[in-house]
There are 2 protein chains.
Amino acid sequence: MIHLASQPPQTRVSRSELATAAECPEQFLSKVLQNLARAGLIISHRGNTGGFEMPPTDEPITLLQVVEAIEGPMRLNVCLTSESACTRQSWCPAHPIWVEAQHALTDVLRKVTVQDLALHEANVITIGKPDPRHWN
Amino acid sequence: MIHLASQPPQTRVSRSELATAAECPEQFLSKVLQNLARAGLIISHRGNTGGFEMPPTDEPITLLQVVEAIEGPMRLNVCLTSESACTRQSWCPAHPIWVEAQHALTDVLRKVTVQDLALHEANVITIGKPDPRHWN
């Protein structure tokens, strides 16, 4: 997603280029790309001039959206899956802590977009290895 | 752990009582109790007068310690397992976000102790159903 977001608008990137960029096998990547396309986070084009590109809108795509498109909803515990997932939910002292932990986690992934990360990566490639003290 | 922490000091609780309190099968609980004892978070006594109790020290036990004793170290992504788990770690723009997300999550679970939760549970049982607005 970061590689795609770092391309000029409407650039189609082949699956093999994406596999090289992500350093992962093309077959594995195929399933990931299918999930991303299904969630509307990328557009998939078939045929000789085919490939993958970012959606035409400039809508920012968060890291949380990417992770959940690939792995499904992020839930740290069964009591976070629905209002009635566990009968102890209304009084269990651990439940509100799981709610808080889940919010803390998803808030971090929701506030960062792949567009931000693509800019960050571009800076690293131009300027060189980043100083880790500047990353948070 | 919350049930154990809510007992007077040095109270031994049987596995069947713990299974009733946790509403889970005894066989499943056995494995959990083994892990907790191995991590030193509970003391296991065998025999007729056996059972499980909290360690004699008053050391607070965090929810993170409990979760990690049962499930192993909490790592949101492979790049968080060691300094050299992924060759892209030093420049990947997503890596510091995973570090931040992991800290956000573990910070919540580290700041709450089972002793706190036991007090909370005692209040709920005495006072009745809690108002969810007071829980965070």
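Quick note: structure is the one above.
Everything numeric in this text was worked out from a predicted model, so none of it was measured.

Attention now goes to the overall build of chain A. Across its full length, chain A carries six helices and two strands. Shown N-terminal to C-terminal, the secondary structure of chain A runs as helices and strands in the order α-α-α-β-β-α-α-α. Rg of the C-alpha trace for chain A: 18 Å, well past the compact-globule value of 14 Å for 136 residues, more than 25% over. Scored against the burial criterion, the 136 residues of chain A give a buried share of 40%.

All names here are of chain A. Mapping Ser-14 onto the fold places it in the loop between helix 1 (2-5) and helix 2 (15-22). For Ser-14, a relative accessible area of 30% corresponds to the partly exposed category. Expressed as a C-alpha distance, the spacing of Ser-14 and Asp-58, which sit 44 residues apart in the sequence, is 21 Å. Engagement of the side chain of Ser-14 in a polar contact is seen with the side chain of Ser-16, the distance being 3.3 Å.

As a further point, take the relation of the copies chain A and chain B. Expressed as a screw operation, the relation of chain A to chain B combines 0.0 Å of axial shift with a rotation of 180°, fitting to an RMSD of 0.0 Å. Accordingly, the operation relating the two chain copies is best matched by a two-fold axis.

Turning next to the nonpolar core. By size, the foremost hydrophobic cluster in this structure holds 76 residues, and its most contacted members are A:Met1, A:Leu109, B:Met1 and B:Leu109. When neighbours within four sequence positions are excluded, B:Leu109 is seen to be in contact with A:Ile97, A:Trp98, A:Ala101, B:Thr62, B:Leu63, B:Leu64 and B:Met74.

A few words on the packing of helix 3 (residues 26-38) of chain A against helix 4 (residues 63-71) of chain A. All names here are of chain A. For the pair helix 3 and helix 4, interaxial distance at closest approach is 8 Å and the crossing angle is 115°. In the packing of helix 3 onto helix 4, the handedness of the crossing is right-handed. Note on element contacts: helix 4 touches helix 3 through Val-66, Ala-69 and Ile-70, opposite Val-32, Asn-35 and Leu-36.

Here the focus is the side chain of B:Arg88. Note on placement: B:Arg88 falls in the loop between helix 4 (63-71) and helix 5 (95-110). Within the local environment of B:Arg88, its side chain forms a polar contact with the backbone oxygen of A:Ala21, the two atoms lying 2.9 Å apart. Once residues lying within four places of it in the same chain are set aside, the contact partners of B:Arg88 are A:Ala21, A:Ala22 and A:Glu23.

Each side of the interface is counted separately: chain A has 34 residues, and chain B has 34 residues. Where chain A abuts chain B, roughly 2900 Å² becomes buried across the two surfaces, and 71% of that area is made up of carbon and sulfur atoms. The tally of links between chain A and chain B comes to four salt bridges. Of the charged contacts in the structure, one is a salt bridge between A:Glu100 and B:Lys111, with a shortest N-O distance of 2.6 Å. Taken together, chain A and chain B are joined by six residue pairs in polar contact (both at pLDDT 80 or more). Of all the secondary structure elements, the ones that give two or more residues to the side of chain A that touches chain B are helix 2, helix 4, helix 5 (95-110) and helix 6 (114-127) of chain A. For the side of chain A that touches chain B, the leading source of residues is helix 5 of chain A, giving nine residues.

Let us now look at the environment of B:Gln102. Residue and element names in this part refer to chain B. Along the chain, Gln-102 falls in helix 5. Taking the C-alpha atoms as reference points, Gln-102 and Gly-40, 62 residues apart in sequence, are found 24 Å from one another. With residues up to four places along the chain from it excluded, the contact list for Gln-102 reads Met-74, Arg-75, Leu-76 and Leu-80. Within the structure, Gln-102 has its side chain in polar contact with the backbone nitrogen of Leu-76 (distance 3.0 Å).

Conventions adopted
Residues numbered from 1 in each chain as written. Chains lettered and ligands numbered in written order. Predicted model: local features only at pLDDT ≥ 70, side-chain atom pairs only at ≥ 80, totals over all residues. Heavy atoms only, no water. Helix = DSSP H or I, 4+ residues; strand = E, 2+ residues; numbered from the N terminus. Rg over C-alpha atoms; globule rule 2.2 N^0.38 Å. Buried < 20%, exposed > 50% of the residue type's maximum accessible area, 1.4 Å probe, protein only. Polar contact = N/O pair within 3.5 Å; in protein donor to acceptor, adjacent residues only side chain to side chain. Least-squares fit on C-alpha atoms with pLDDT ≥ 70 in both. Core = buried A, V, L, I, M, F, W, Y, C linked by side-chain atoms within 4.5 Å. Contact = heavy atoms within 4.5 Å. Axes fitted to C-alpha atoms, helices over the stretch in contact; angles between N-to-C directions. Left-handed = near helix turned anticlockwise from the far one by under 90°. Buried area = accessible area lost by both parts, 1.4 Å probe. Salt bridge = Lys/Arg side-chain N within 4 Å of Asp/Glu carboxyl O.

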